[in-house]
Amino acid sequence: MKSNKKIPISFSEKPVNYQKYEFQKVQALDSIQAVRYGFYRKSDFKKEKIKKIVINFNPYLKNIISSDPLIIAIKSLTKSFISELIEFSKQIMSEFEKDINWNQTSISKKIIKFAVKLYYIGNKDLRS
């Protein structure tokens, strides 16, 4: 029996069911979460900058191309770490100042430094 399901031709083409699932997840978000998700989707680190940093740490990788899976992996890990650090910093900020609207207030350098110290010294998971 022949299946009518569309098989993705390349890795960039996603099945229709996956797109419906993603759409349902986004629809379930409240307005604040949807705004944060939008900022997360828009944020980007340039591959060339990540490549420079990688070459700085390991000169043997000077011939690596920007579309190399290593560069893409480091880029995605950086994006995840920064988003978790911002979320954790916002939580700390809301604990210090109970009456502050943390969605519309920018994070100070002091709060970010404190969050990084808690993460590295306390080895705290940013999601807890």
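Owing to the predicted nature of the structure, the values given are computational and were not obtained by experimental measurement. Numbering of residues begins from 1 in every chain and follows the order in which that chain's sequence is written. Selection of residues for local features in this predicted model requires a pLDDT of at least 70, selection of side-chain atom pairs for listing and counting requires 80 or more, and totals for whole chains, interfaces and linings are taken over all residues. Based on all heavy atoms of the structure, the side-chain values leave hydrogens and waters out of the count.

For the purposes of this entry, the term helix denotes a DSSP run of H or I that reaches at least four residues, the term strand denotes a run of E that reaches at least two, and both are numbered from the N terminus. Counting its regular elements, the protein contains 5 helices and 0 strands. Residue contacts are counted whenever heavy atoms from the two residues lie within 4.5 Å of one another. Restricting to contacts in the protein with at least 6 residues of sequence separation, those with at least 24 account for 43%. Carbon and sulfur atoms make up 59% of the accessible area of the protein, which totals about 11,000 Å². Working definition of accessibility: Shrake-Rupley area with a 1.4 Å probe, residue cover restricted to the visible protein chains.

With that settled, the discussion passes to the packing of helix α2 (residues 31-42) against helix α4 (residues 69-96). To obtain each axis, a line is fitted to C-alpha atoms, and for helices this fit is confined to the stretch in contact; angles are then taken between N-to-C directions over 0 to 180 degrees. Close contact between α2 and α4 brings their axes to 11 Å; oriented N to C, the two are set at 150°. Relative to α4, α2 is oriented so that their crossing is right-handed. Mapping the contact onto sequence places Arg36, Tyr40 and Arg41 in α2 and Lys79, Ser80, Ser83 and Glu87 in α4. For this scheme, ten residues count as nonpolar: Ala, Val, Leu, Ile, Met, Phe, Trp, Tyr, Cys and Pro. Four count as charged, namely Asp, Glu, Lys and Arg, and the remainder, Gly too, count as polar. For the contact of α2 with α4, the residue count by class is 1 nonpolar, 2 polar and 4 charged. Here a crossing is called left-handed whenever its near helix is offset anticlockwise from the far helix by less than a right angle, and right-handed whenever the offset is clockwise.

Per-residue confidence from the predictor is reported as pLDDT, a score between 0 and 100. Of the residues in the protein, 80% have a pLDDT of 70 or more, and the chain-wide mean is 77. Taken element by element, the predicted model of the protein shows its lowest mean pLDDT in helix α1 (residues 16-27) (75) and its highest in helix α3 (residues 47-57) (88).

For valine 26, the position within the fold is in helix α1. Measuring from C-alpha to C-alpha, the distance between valine 26 and tyrosine 37 comes to 8.3 Å, with 11 residues separating the pair along the chain.

Listed in full, the 6 residues of the largest apolar core are Leu85, Phe88, Ile92, Met93, Ile111 and Ala115. Of all the secondary-structure elements, those providing two or more residues to this core are α4 and α5 (109-122). Among the elements that make up this core, the one with the highest residue count is α4 (4 residues). Leave out the neighbours within four places in its chain, and isoleucine 111 touches Ser89, Ile92, Met93 and Phe96. What is meant by a nonpolar core is a set of buried Ala, Val, Leu, Ile, Met, Phe, Trp, Tyr and Cys residues, joined one to another through side-chain atoms within 4.5 Å. A 1.4 Å probe rolled over the protein chains alone gives each residue an accessible area, and that area as a share of the maximum for its type sets the label: buried under 20%, exposed over 50%, partly exposed in between.

In a helix, the anticipated span is given by 1.5 Å times the number of residues less one. For α4, built from 28 residues, the straight-helix expectation of 40 Å at 1.5 Å per residue is met to within 8% by its first-to-last C-alpha distance of 41 Å. Looking at α4, one finds that the buried residues are Ile71, Lys75, Lys79, Leu85, Phe88, Ser89, Lys90, Ile92 and Met93. At the N-terminal end of α4, a side-chain oxygen is found 2.9 Å from the backbone nitrogen of leucine 70, two or three residues along, and the residue is aspartate 68. Polar contacts, as used here, are pairs of N or O atoms within 3.5 Å; protein pairs need one atom able to donate a hydrogen and one able to accept it. Residues neighboring in sequence count only if both atoms are side-chain atoms.

What follows deals with the packing of α3 against α4. Direction vectors running N to C along α3 and α4 enclose 100°, while the axes themselves pass 10 Å from each other. With respect to α4, the axis of α3 lies roughly perpendicular. Of α4, the residues touching α3 (which contributes Lys47, Ile50, Lys51 and Val54) are Leu70, Ile71, Ile72, Ile74, Lys75 and Thr78. For the contact of α3 with α4, the class distribution of residues is 6 nonpolar, 1 polar and 3 charged. Note on angle classes: values under 35 degrees are labelled roughly parallel, values over 145 roughly antiparallel, values of 65 to 115 roughly perpendicular, and the remainder oblique.

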